[in-house]
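Analysis of the macromolecular model
Residues per chain are reported as follows:
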Amino acid sequence: MSDKEKQQRYLEISKRIVDAVGGKDNIMASTHCATRLRIVLKDYDKIDKDAIENTDLVKGEFVAGNQLQIIFGAGLVNEVYEVFADYTGTAGKSMAEVKEVAAQKMNPLQAVIKSLSDVFVDIMPGILAAALLSGLTGVLSQWDVVENNATLYGINKLVSLASNGIFNILPMAVCYSACKRYGGKPILGLVIGAIMLDGSLANAYDAAKGLVDVQSISLFGFNIELVGFQGGIIIALMMGFIIAKLDIFFDKKIPDVVKLLFSPMCSVLISTILLFTIVGPVGRLLSNGITNGLVWMTQNLGALGYMVFAGVQQIIVITGLHHILGAIEAQLLADPEIGRDFLNPLMSVALMGQGGAVLGYLVLNWKNNKMKELCIPSFISTLFGISEPAIFGVNLRYKFPLVAGCIGGACAGAYVYFSKLTAMGFGTTALPGLAICDPANNGYVNYIIAHLIALAIGMVLTIVFGKALAKKKAVAVN
């Protein structure tokens, strides 16, 4: 096919998509990622999903993050986008700009959850690096040759030091990223984070165990204990927001001639007072409540608790509320009494259950080429920790695969419980998640088995449900 013919084909595709979303006037912005055309609309009720899905070269569509995402595939989407953006007059928008436009259409709850997710984007490379290094030193420490060889022992020691780095300053990193996300000067977030971990304060973990004497001061008639905030991820999120808003406020109110001197001073001083009087105590209660609730569920409900979480986690993905789990996972890792993330493998098998459901639906519709184009890329996405194409493109659309996938995830969740499977980090699942799996208790083997359970049950139940529904429809017609 010549370039001219391609351009004409892409133009016809663009025109069909524009008609299917309610015309050019309904389009606010557009961009693309590696595989999907992303469009922000004024009114999503105008979308004609059937028209989009029946458009040439389209492999599926779904709405997520207040964006209509149309799946074309790697490489192809770049070519289609160039023509689409030119036709709709939305060329030149970056991914960040399109996300900003999409955020304007979010309700308050969605905006809060999205902002929490954004906070962890900047620090995620450090967390993943530490998690991978933790896994590496965990494996190396089990080998006698490493213990008996001076060089290998030295390397392992350095790997261990590198793996602990981010977790030792995680509240500081979170406070920095939160301050940056909410519009403040990032350095002020670092300052508050440093105050949270100041060496003159009693270590929070030692204080909780009664190993240190805690100094107290009187402030406005209240007794304030000078205890650090090691592991205070939720507190760091709250303080990052507060210091950012104070910074913005004082920058507007203080005259320019003295702004550089007094704006940061006022922001830091007030934030510090709030940290020890209100935010710290409230944040500790909230953090302990969430963490203890999850731990209670796993300790008292046992396998059932794991099954419930793994069974409904992908339903939570549909609502977008799953982004908040990152803060909880960070809290689990930062807590020395826990130190491992038991939610990560549960979320991973929940995702793999949906991948199995997609495979099952593919088996049921093997002769349908359109379904092959939709299901195969969706399944491949789940292998790399992305479930949205599978959920929105197939499972939620046809309903029974979603149910089958949830059951598959729940069953695998029980195996996660009995095998004591945990992770040494968070932020990645499925195949990439194997790299942060805790090797203890034959972790790597159990990780693979758990995912195969979710995959197999999700696939088999989808086939069973699909055939049962087809038989029921056939009986109804006759």
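Quick note: structure is the one above.
Residues numbered from 1 in each chain as written. Predicted model: local features only at pLDDT ≥ 70, side-chain atom pairs only at ≥ 80, totals over all residues. Heavy atoms only, no water.

All right, on to the overall build of the protein then. Counting its secondary structure elements, the protein contains 20 helices and six strands. Across the 478 residues in the protein, those meeting the buried criterion constitute 48%. Long-range contacts, defined here as pairs at least 24 residues apart, represent 72% of the contacts in the protein between residues at least 6 apart. Carbon and sulfur atoms provide 63% of the accessible area of the protein, an area that totals close to 22,700 Å². (Helix = DSSP H or I, 4+ residues; strand = E, 2+ residues; numbered from the N terminus. Buried < 20%, exposed > 50% of the residue type's maximum accessible area, 1.4 Å probe, protein only. Contact = heavy atoms within 4.5 Å. Areas by Shrake-Rupley, 256 points an atom, 1.4 Å probe, with all protein chains shown as cover.)

Throughout the structure, instances matching the rule amount to five salt bridges. The partner of Asp 251 in a salt bridge is Lys 185, and the shortest N-O contact between them spans 2.6 Å. Residue Asp 251 is located in helix H11 (residues 233-253), and its partner Lys 185 is located in the loop between helix H8 (170-181) and helix H9 (186-196); the two are separated by 66 residues in the primary sequence. Residue class for Lys 185 comes out partly exposed when judged on its relative accessible area of 35%. The partner of Arg 340 in a salt bridge is Asp 438, and the shortest N-O contact between them spans 2.9 Å. With a gap of 98 residues between them, Arg 340 in the loop between helix H14 (325-334) and helix H15 (343-364) and Asp 438 in the loop between helix H19 (430-433) and helix H20 (443-477) connect regions that are remote in the sequence. The exposure class assigned to Asp 438 is buried, which follows from its relative accessible area of 9%. (Salt bridge = Lys/Arg side-chain N within 4 Å of Asp/Glu carboxyl O.)

Moving on, we get to the side chain of Gln 354. Along the polypeptide, Gln 354 turns up in helix H15. Dropping the residues within four chain positions of it, Gln 354 is found in contact with Gln 314, Ile 391, Asn 395, Pro 401, Leu 402, Gly 405 and Cys 406.

This part is about the nonpolar core. Within soluble globular proteins, side chains that are nonpolar generally end up buried alongside one another. By size, the foremost hydrophobic cluster in this structure holds 41 residues, and its most contacted members are Phe 120, Leu 170, Val 174 and Met 239. Only helix H5 (108-140), helix H7 (150-168), H8, H9, H11, helix H12 (256-300) and H14 provide two or more residues apiece to this core. Element by element, the count of residues in this core is highest for H11, at ten residues. When near neighbours in sequence (up to four residues on either side) are disregarded, Leu 170 contacts Ile 123, Ile 127, Ile 233 and Ala 330. (Core = buried A, V, L, I, M, F, W, Y, C linked by side-chain atoms within 4.5 Å.)

Here H8 crosses H11 at 35°, and the two axes come no closer than 7 Å. The way H8 lies across H11 gives a crossing that is right-handed. Along its contact with H8, which presents Leu 170, Pro 171, Val 174, Cys 175, Ala 178 and Cys 179, the element H11 presents Ile 233, Ala 236, Leu 237, Met 239, Gly 240, Phe 241, Ile 243 and Ala 244. When the residues that make up the contact of H8 with H11 are grouped by side-chain class, the tally is 13 nonpolar, one polar and no charged. (Axes fitted to C-alpha atoms, helices over the stretch in contact; angles between N-to-C directions. Left-handed = near helix turned anticlockwise from the far one by under 90°. Nonpolar A, V, L, I, M, F, W, Y, C, P; charged D, E, K, R; others polar.)

When you line up the elements, Tyr 44 lands in the loop between strand E2 (36-41) and helix H2 (49-53). A relative accessible area of 19% means that Tyr 44 is categorised as buried. Spatially, the C-alpha atoms of Tyr 44 and Val 63 are 8.7 Å apart, while their sequence positions differ by 19 residues.

Apart from glycine, the bulk of residues carry a negative phi angle, and the bulk of peptide bonds sit in the trans form. Residues other than glycine seldom take positive phi values, yet Leu 57 does so here, at roughly 75°. Tracing the backbone shows Leu 57 in the loop between H2 and strand E3 (60-64). Although it is not a glycine, Lys 399 adopts a positive phi angle of roughly 70°. Mapped onto the fold, Lys 399 is located in the loop between helix H17 (388-398) and helix H18 (400-419).

One pass over the structure, following the stated rule, counts eight aromatic pairs. Consider the rings of Tyr 361 and Tyr 398, whose centres lie 4.5 Å apart with planes at 20°: the pair is stacked. Of this pair, Tyr 361 sits in helix H15 while Tyr 398 sits in helix H17, and the two are 37 residues apart along the sequence. Feature note: the residues Tyr 306, Phe 342, Tyr 417 and Phe 418 constitute an aromatic cluster, connected by ring pairs. Positioned above the aromatic ring of Trp 366 is the side chain of Lys 372, whose terminal nitrogen or guanidinium carbon lies 4.2 Å from the ring centre. (Phe/Tyr/Trp six-rings, centres within 6.5 Å; stacked < 30°, edge-to-face > 60°. Lys NZ or Arg CZ within 6 Å of the ring centre and 35° of its normal.)

In a regular helix each residue adds 1.5 Å, so 18 residues correspond to 26 Å; helix H1 (residues 3-20) covers 26 Å between its end C-alpha atoms and thus fits that length. Along H1, the residues classified as buried are Tyr 10, Ile 13, Ser 14, Ile 17, Val 18 and Ala 20. All buried residues of H1 lie within an arc of 155° about the axis, which places them on one face of the element. For H1, the exposed residues set more than 90 degrees away from the buried face come down to Lys 4 and Asp 19. The inward-facing, buried residues of H1 contact strand E1 (27-32), E2, H2, strand E4 (67-71) and helix H3 (76-88). In the segment just after H1, Gly 22 is the residue with positive phi, at about 100°. (Expected span 1.5 Å × (residues − 1). Arc of directions from axis to C-beta.)

A few words on the pairing of strand E5 (residues 216-219). Alignment of E5 against strand E6 (residues 222-225), held across four bridges, turns out to be antiparallel. Residue pairing in the sheet places Ser 218 in a bridge with Asn 223 of E6. Between E5 and the antiparallel strand that follows it, E6, lie two residues; Phe 220 among them carries a positive phi value of about 55°. (Pairing = 2+ DSSP bridges.)

Turning next to the packing of H15 against helix H16 (residues 369-383). One can describe the packing of H15 onto H16 by two numbers: an axis separation of 9 Å at closest approach and a directional angle of 160°. Between H15 and H16, the crossing angle belongs to the class labelled roughly antiparallel. H15 and H16 meet at a crossing whose hand is left-handed. Contacts between H15 and H16 involve Leu 351, Met 352, Gly 355, Val 358, Leu 359, Tyr 361 and Leu 362 on the former and, on the latter, Met 371, Lys 372, Cys 375, Ile 376, Ser 378, Phe 379, Thr 382 and Leu 383. Classifying every residue of the contact of H15 with H16 gives eleven nonpolar, three polar and one charged. (Parallel < 35°, antiparallel > 145°, perpendicular 65-115°, else oblique.)

We now examine a nonpolar patch on the surface. Together, Trp 296, Leu 301, Leu 304, Val 308, Val 312 and Ile 315 line one region of the surface with nonpolar side chains, adding up to about 520 Å² of accessible area. With four residues, the top contributor of residues to the nonpolar patch is helix H13 (residues 302-319). Mapped onto the fold, Trp 296 is located in helix H12. Since its relative accessible area comes to 49%, Trp 296 is described here as partly exposed. (Patch = residues over 30% accessible without salt bridge, like charges linked within 9 Å, V, L, I, M, F, W, Y side chains within 5 Å.)

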